[in-house]
Amino acid sequence: MKVLVACECSGIIREAFRNKGHDAWSCDLKPTEIDSDYHIQDDVLNHLNEGWDLMIGHPVCTFICRNRARLNKIESKEIDTSLFMSLLNADIPKICIENPVPSKAAGLPKYNQIIQPYQFGHDHSKKTCLWLKNLPKLNHTKIVELTYITTKNGHRYTKGWYMTPRNSTDRSRTFTGIAEAMANQWG
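Residues numbered from 1 in each chain as written. Predicted model: local features only at pLDDT ≥ 70, side-chain atom pairs only at ≥ 80, totals over all residues. Heavy atoms only, no water.

Peer 1: Before we go on, may I ask you to explain the environment of Ser-172 in this structure?
Peer 2: Relative to the elements of secondary structure, Ser-172 occurs in helix 5 (residues 168-172). Looking at Ser-172, the relative accessible area reads 47%, which means it is partly exposed. For the pair Ser-172 and Cys-9, spaced 163 residues apart in sequence, the C-alpha to C-alpha distance is 9.9 Å. (Helix = DSSP H or I, 4+ residues; strand = E, 2+ residues; numbered from the N terminus. Buried < 20%, exposed > 50% of the residue type's maximum accessible area, 1.4 Å probe, protein only.)

Set out below in structure tokens:
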């Protein structure tokens, strides 16, 4: 199967599919973090019509996601959803778009599924929405109990909230358990 992983520089999903024997490629404006000949450093919109069977897309969510929009008090006219919608509406038979819970102001279509890393073997919480086209919902592979962290002032947080790195590149990486589930179940 010919797989495009759109807006991925980490190479995590690309490598999960390649390890299963698929012709998987990542495409991002940034260089790949895992040295590979199977990364296209370019605007993904230039590569949507290259005969892909499956695309897993990770459009930039900075201003689309609910928490960021609330933080910035963004109005719908300021939210650019064009990349998201271009990926979702691409002429590719099977599509998964992954993003955090969107702001209502973004006006995106309803997602099909919400997944969490702790459903795929990781002691983290990171609510992630999936918009699916001709793909089944992902089945959980290994549910783990979350570890909670209690701070000095008595607040309890899951590792996902409290320990997740605070820069956007680190936060946007897909957990390997989720990538493997995608490759196993959709590959």
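Back to the write-up after that little detour.
Peer 1: Would you explain helix 6 (residues 176-186) in this entry?
Peer 2: Within helix 6 the residues assigned to the buried category are Gly-177, Ile-178, Ala-179, Ala-181, Met-182, Ala-183 and Trp-186. Contact partners of the buried residues in helix 6: helix 1 (12-18), strand 4 (54-57), strand 5 (94-99), strand 6 (113-115) and strand 7 (128-133). (Contact = heavy atoms within 4.5 Å.)

Peer 1: Honestly, the nonpolar core in this entry has me stumped. Any pointers?
Peer 2: For soluble globular proteins, nonpolar side chains are generally found buried alongside one another. One finds Phe-17, Ile-56, Cys-96, Leu-130, Leu-138, Met-182 and Trp-186 to be the most contacted residues of the largest nonpolar core, which totals 23 residues. Counting only elements with at least two residues in this core, the list comes to strand 1 (2-6), helix 1, strand 4, strand 7 and helix 6. Looking at which element gives the most residues to this core, the answer is helix 6, with 6 residues. Dropping the residues within four chain positions of it, Leu-130 is found in contact with Cys-96, Ile-97, Glu-98, Tyr-111, Asn-112, Gln-113, Ile-115, Leu-138, Met-182 and Trp-186. Core analysis: the second largest hydrophobic core is formed by 21 residues, Trp-52, Phe-84, Ala-90 and Ala-106 among them. (Core = buried A, V, L, I, M, F, W, Y, C linked by side-chain atoms within 4.5 Å.)

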